[in-house]
Amino acid sequence: MSEIVRRIVRRWYHPSLLRSSGQYTWSPALQLHTSGTAMSVTQKDFENAMNQVKLLKKDPGNEVKLKLYALYKQATEGPCNIPKPGAFDFVNKAKWDAWNGLGSLPKETARQNYVDLVSSLSGPSSESSSQVKPGADSKQEGYENLLVTSEDRITKILLNRPTKKNAITTQMYHEIMLALKAASQDDSVLTVLTGSGDYYCSGNDLTNFTDIPPGGVEEKAKNSSFLLRDFVNCFIDFPKPLVAVVNGPAVGISVTILGLFDIVYASDRATFHTPFSHLGQSPEGCSSYTFPKIMGSSKAAEMLIFGKKLTAGEACAQGLVTQVFPDSTFQKEVWTRLKAYSKLPPNAMRISKEIIRKNEKEKLHAVNAEECNVLLSRWQSDECMNAVVNFLSRKAKL
Ligand SMILES: CCCCCCCCCCC/C=C/C(=O)SCCNC(=O)CCNC(=O)[C@H](O)C(C)(C)COP(=O)(O)OP(=O)(O)OC[C@H]1O[C@@H](n2cnc3c(N)ncnc32)[C@H](O)[C@@H]1OP(=O)(O)O
């Protein structure tokens, strides 16, 4: 068993051991929705700031990390409420000192200070660098695993992690959300999601399961459930025509969200696979609703319950894919067509999308919330843990 697997098993079964072990490392994941605090006017800013921390390019240094940690704890839990660690437990002692040092600072003020501190660190931030500049050929900086470009009135979001088959890390979920937000506001008229290398996307990066915060697997599952909900909501609410250019095999969440795209073009090399039962998990991306609607309940069940992998031709026959192209001419044919579509009047396209989708939006949000809630407990199940451990110890592949 590799060290990584041993670590997961230890953490999943004994999160309290980790909490008392003093082996805290800096992880921006610490900053996510752990509080369940009441919503207030600054809650959204606070959440944005937490996301922003994850995208900081430079390590802000220990002193700042301690300040962030302390303000985060104060904002979400109030004054320091844990026993002082022993003098030789250096890391936890430093964190305790920082938190305790805030005394009875009100939660609201701590939240505000946290937001201010993050904004001072971000400088001319990734937020602004993720805006598309008008004009052709602009490439947006600020993403680690995405390549976002805008050309011919089309914004292309390229999943750019080919050595890992474009598996989606936690950071990538955030980057994709930022890229979609920027694309919704830029001058482009169409938005395209595609993959680099031989895969479109192999779904959720299973190493996301190993980054367990001090609150243990339950906290991780809650954070992930919020993250997934926000991620899928971005697709439900995306206002411009959204096109998937599926250049190769697609797995898991990259398949389920296709039901929220307006057009799906696929290479004949693409396959569509949702192995949720194999992974001890359950459907997301609103697929529990969109797939039966698109392909009928029995075909949807074969995919979503039994994990049947579809060829591009099958996915097209079942309505999930708009059109299949030979791989040898895929890029040329698809981009020629998209460039022609991008010349259509943008407002008409946007309004048509709105009228096609608007009656479904409320339903989709409700389905998304329910799917995320079910996954919250699935992720904490033995079935799921065993599947992840098997993959990470290379005992299992799809
Ligand atoms: C406690 C709760 C935490 C929850 C966190 C969840 C957050 C939100 C979740 C949203 C729900 C999403 C669900 C899904 O997407 S389910 C689908 C998950 N994906 C998989 O199960 C695919 C796993 N990968 C494979 O089976 C194979 O890699 C694959 C068939 C895709 C390709 O096989 P091939 O033999 O061609 O290539 P390799 O296996 O050698 O892959 C090359 C390297 O890429 C790494 N890789 C590929 N896919 C993934 C992945 N999904 N996660 C992590 N790593 C992946 C693979 O390990 C190889 O890496 P190395 O070269 O380093 O060995």
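Residues numbered from 1 in each chain as written. Predicted model: local features only at pLDDT ≥ 70, side-chain atom pairs only at ≥ 80, totals over all residues. Heavy atoms only, no water.

## Thoughts on the pairing of strand S4 (residues 190-195)
Note the cut-off: To sort residues, take the accessible area from a 1.4 Å probe on protein chains only and compare it with the maximum for the residue type: under 20% means buried, over 50% means exposed, and anything in between is partly exposed. Numbering goes from the N terminus for both helices and strands, where a helix is a DSSP run of H or I of at least four residues and a strand is a run of E of at least two. A strand pair is defined by DSSP finding two or more bridges across the two strands. Consider the strands pointing away from the viewer: the crossover is right-handed when the path from the first strand over the helix to the second runs clockwise.
Taken across its six residues, S4 has six buried, putting it largely inside the fold. Burial of the side chains of S4 extends over both faces: Leu190, Val192 and Thr194 are buried on one face and Thr191, Leu193 and Gly195 on the other. Where strand S3 (residues 154-159) meets S4, six bridges bridge the pair, whose relative direction is parallel. The residue bridging Lys156 from the neighbouring strand is Val192, located in S4. In this fold, the crossover linking S3 to S4 by way of helix H8 (residues 170-185) has right-handed handedness. Bridge analysis of S4 against strand S5 (residues 242-246) gives four bridges, and the strand direction is parallel. Bridging across to S5, Leu193 finds its partner in Ala244.

## Points about the side chain of Ser184
The test is simple: Each polar contact in these results corresponds to two N or O atoms within 3.5 Å; when the atoms are within protein, one needs to be able to donate a hydrogen and the other to accept it, and residues that are neighboring in sequence are counted only if both atoms are side-chain atoms. Throughout, a contact is declared for two residues whenever any of their heavy atoms are within 4.5 Å.
Tracing the backbone shows Ser184 in helix H8. A distance of 2.7 Å separates the side chain of Ser184 from the backbone oxygen of Lys181, its partner in a polar contact. For Ser184, the residues in contact, after removing those within four places along its chain, are Phe238, Pro239, Lys240 and Arg350.

## Overview of the site of the ligand
How we decide: Only heavy atoms are used to decide nearness, and a residue is near a molecule or strand if one of them lies within 4 Å of it. Only the protein chains shown count as cover for residues, and all accessible areas are computed by the Shrake-Rupley method using a 1.4 Å probe.
Contacts to the ligand come from 28 residues, most closely from Lys164, Ser202, Leu206, Arg394 and Lys397. The separation between an oxygen atom of the ligand and a polar side-chain atom of Lys164 is 2.5 Å. The side chain of Ser202 places a nitrogen or oxygen atom 2.8 Å from a nitrogen atom of the ligand. The fraction of the free accessible surface of the ligand (1200 Å²) that becomes covered by protein chains is 83%. Sorting elements by how many residues they give to the shell around the ligand places helix H9 (residues 216-236) first, with four residues.

## Digging into the nonpolar core
Let me state the cut-off plainly: Nonpolar core, defined: a set of buried Ala, Val, Leu, Ile, Met, Phe, Trp, Tyr and Cys residues in which side-chain atoms within 4.5 Å join the residues together.
Among the nonpolar cores identified, the biggest contains 66 residues, and Tyr200, Phe231, Phe235, Val246, Leu258, Phe261 and Phe272 are the most heavily contacted of them. With nine residues, H8 is the single largest residue contributor to this core. In this structure, Val246 is in contact with Tyr200, Leu258, Val264, Tyr265, Ala266, Ser267, Ala270, Phe272 and Phe330, ignoring residues within four places of it in sequence. Counting 14 residues, the second-largest nonpolar core is a separate cluster that includes Val53, Leu68, Leu71 and Ala110.

## Here we look at the confidence of the model for the chain
This is how the line gets drawn: On a scale of 0 to 100, pLDDT captures the predictor's confidence in every residue.
Confidence along the chain averages 85 in pLDDT terms, with 84% of residues attaining 70 or more. Ignoring residues within four places in sequence, the model shows residues 12-39, a span with pLDDT below 50, making 70 contacts including any to other chains. Throughout residues 124-136 the model reports pLDDT below 50, and contacts reaching past four residues in sequence, or to other chains, amount to 24 contacts. Among the prediction metrics, the complex's ipTM stands at 0.99, with pTM recorded as 0.73.

## Things to note about the sheet that holds strand S6 (residues 250-251)
If you walk across this open sheet you meet the three strands as S6-S8-S9, and the pairing is mixed. Each edge of the sheet is formed by a strand with only one pairing partner; in this case those strands are S6 and strand S9 (310-311). Relative to strand S8 (residues 271-273), S6 runs parallel, the two being bridged by two bridges. Each bridged residue has a counterpart across the sheet, and for Val251 the counterpart in S8 is His273.

## Let's talk about the sheet that holds strand S7 (residues 263-267)
Selection rule: Angular values range over 0 to 180 degrees, each being the angle between N-to-C directions of two axes fitted as lines to C-alpha atoms, with helices fitted over their stretch in contact.
In spatial order, the strands read S1-S2-S3-S4-S5-S7-S10; together these seven strands make up an open sheet with mixed pairing. In this open sheet, the two edge strands, each paired with only one partner strand, are strand S1 (138-140) and strand S10 (323-325). Mean inter-strand twist for the sheet, computed between neighbouring axes without regard to direction, equals 20 degrees. Packed onto the sheet, H8 meets S1, strand S2 (146-151), S3, S4 and S5 and runs at close to 175 degrees relative to S3. The strands touched by helix H14 (residues 330-341) are S3, S4, S5, S7 and S10; relative to S7, the strand with the most contacts, the crossing angle is about 160 degrees.

## Some points on the pairing of S5
Of all five residues that make up S5, five are buried, and the element is covered over most of its length. Note that the unit made of S4, H9 and S5 has a crossover that is right-handed. Bridge count between S5 and S7: four bridges; the pairing is parallel. Bridge assignment links Ala244 to a residue of S7, and that residue is Val264.

## Observations concerning the packing of helix H11 (residues 287-295) against helix H15 (residues 346-378)
Our working definition: Angles below 35 degrees are treated as roughly parallel, those above 145 as roughly antiparallel, those between 65 and 115 as roughly perpendicular, and all remaining angles as oblique. As a working rule, the residues Ala, Val, Leu, Ile, Met, Phe, Trp, Tyr, Cys and Pro are called nonpolar, Asp, Glu, Lys and Arg charged, and the rest polar, with Gly in that last group.
Between H11 and H15, whose axes approach to 9 Å, the crossing angle comes to 125 degrees. By the criterion of interaxial angle, the relationship of H11 to H15 is oblique. Of H15, the residues touching H11 (which contributes Ser287, Ser288, Tyr289, Thr290 and Lys293) are Glu360, Lys363, Leu364, Val367 and Glu371. When grouped by side-chain class, the residues that make up the contact of H11 with H15 number three nonpolar, three polar and four charged.

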